[in-house]
Amino acid sequence: MSPESVPAPALPVVWRPKKGRVVAYGFAGVVVLGALVMAFVLPEPFGLADRIAMVALGGMIAWLLHLLGRCRVEADERGVTVVNPLRVHRYEWPEVLGVTLVDSEPWAKIDFADGATVGAMGLQGSEKDRTVRQVRELLALIRERGETDERR
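Each value, and the rule that gives it
Residues numbered from 1 in each chain as written. Predicted model: local features only at pLDDT ≥ 70, side-chain atom pairs only at ≥ 80, totals over all residues. Heavy atoms only, no water. Helix = DSSP H or I, 4+ residues; strand = E, 2+ residues; numbered from the N terminus. Rg over C-alpha atoms; globule rule 2.2 N^0.38 Å. Buried < 20%, exposed > 50% of the residue type's maximum accessible area, 1.4 Å probe, protein only. Contact = heavy atoms within 4.5 Å. Areas by Shrake-Rupley, 256 points an atom, 1.4 Å probe, with all protein chains shown as cover. Lys, Arg positive; Asp, Glu negative; His and termini not counted. Charge placed at Lys NZ, Arg CZ, Asp CG, Glu CD. Pairing = 2+ DSSP bridges. Axes fitted to C-alpha atoms, helices over the stretch in contact; angles between N-to-C directions.

> Lay out the overall build of the protein in plain terms, naming residues and giving numbers.
From N to C terminus, the protein includes 3 helices and 7 strands. Shown N-terminal to C-terminal, the secondary structure of the protein runs as helices and strands in the order β-α-α-β-β-β-β-β-β-α. For a compact globule of 152 residues, the expected C-alpha radius of gyration is about 15 Å, and the protein comes in at 20 Å, more than 25% above that figure. Overall size of the protein, expressed as C-alpha extent along the three principal axes, is 75 × 30 × 30 Å. For the protein, the proportion of its 152 residues judged to be buried stands at 36%. Here the contacts in the protein between residues at least 6 apart in sequence split such that 50% fall between residues at least 24 apart. In the form shown here, the protein has an accessible surface area of approximately 9,000 Å², with 63% of it arising from carbon and sulfur atoms. The positive charge centre, built from 19 side chains, and the negative charge centre, built from 19, are 5 Å apart in the protein.

Shown next, in the form of structure tokens:
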């Protein structure tokens, strides 16, 4: 299937990794459950403050894993939103030039009219065929809605 033969999906659309979310939230659940169990089974020299600290540490680790699990790329009528662990980037369609997925890279990169390139962690290279399809769908939307050289 050539990139040109992939139709643009209906908007709004959200692309997110499947495996990354399962791993991140799975480990978060295990860490929180482990912290709760440890808080209950800590021997007597440890007090209430230690038990609370154990649960708080588990909660902080789960929050960090949530930041990894929330990664996604959203497209709507107005533009593209790239949600990475620490930042959310919002771009209007005319600003988006293209998206690339290189075999050796961990995730796709989106190029913008101002010369910026943003890594889109929601398009994970490790999910091979699924991500290739998602990148082609995003490219179809960029061709349809963005200001490419063909439209100028």
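> Explain the sheet that holds strand S4 (residues 88-92) to me, and be specific about the residues and the numbers.
Think of a sheet as strands paired side by side through backbone hydrogen bonds, with each pair either parallel or antiparallel. With antiparallel pairing, 4 strands are arranged side by side in an open sheet as S1-S2-S3-S4. Each end of this open sheet is capped by a strand with a single partner; those strands are strand S1 (13-15) and S4. Ignoring which end each strand starts from, the neighbouring axes of this sheet average 15° apart. Alignment of strand S3 (residues 79-83) against S4, held across 5 bridges, turns out to be antiparallel. Bridged to Val82 within S4 is His89. Running at roughly 140° to S1, helix H3 (residues 128-145) makes contact with S1, strand S2 (72-75) and S3 of the sheet.

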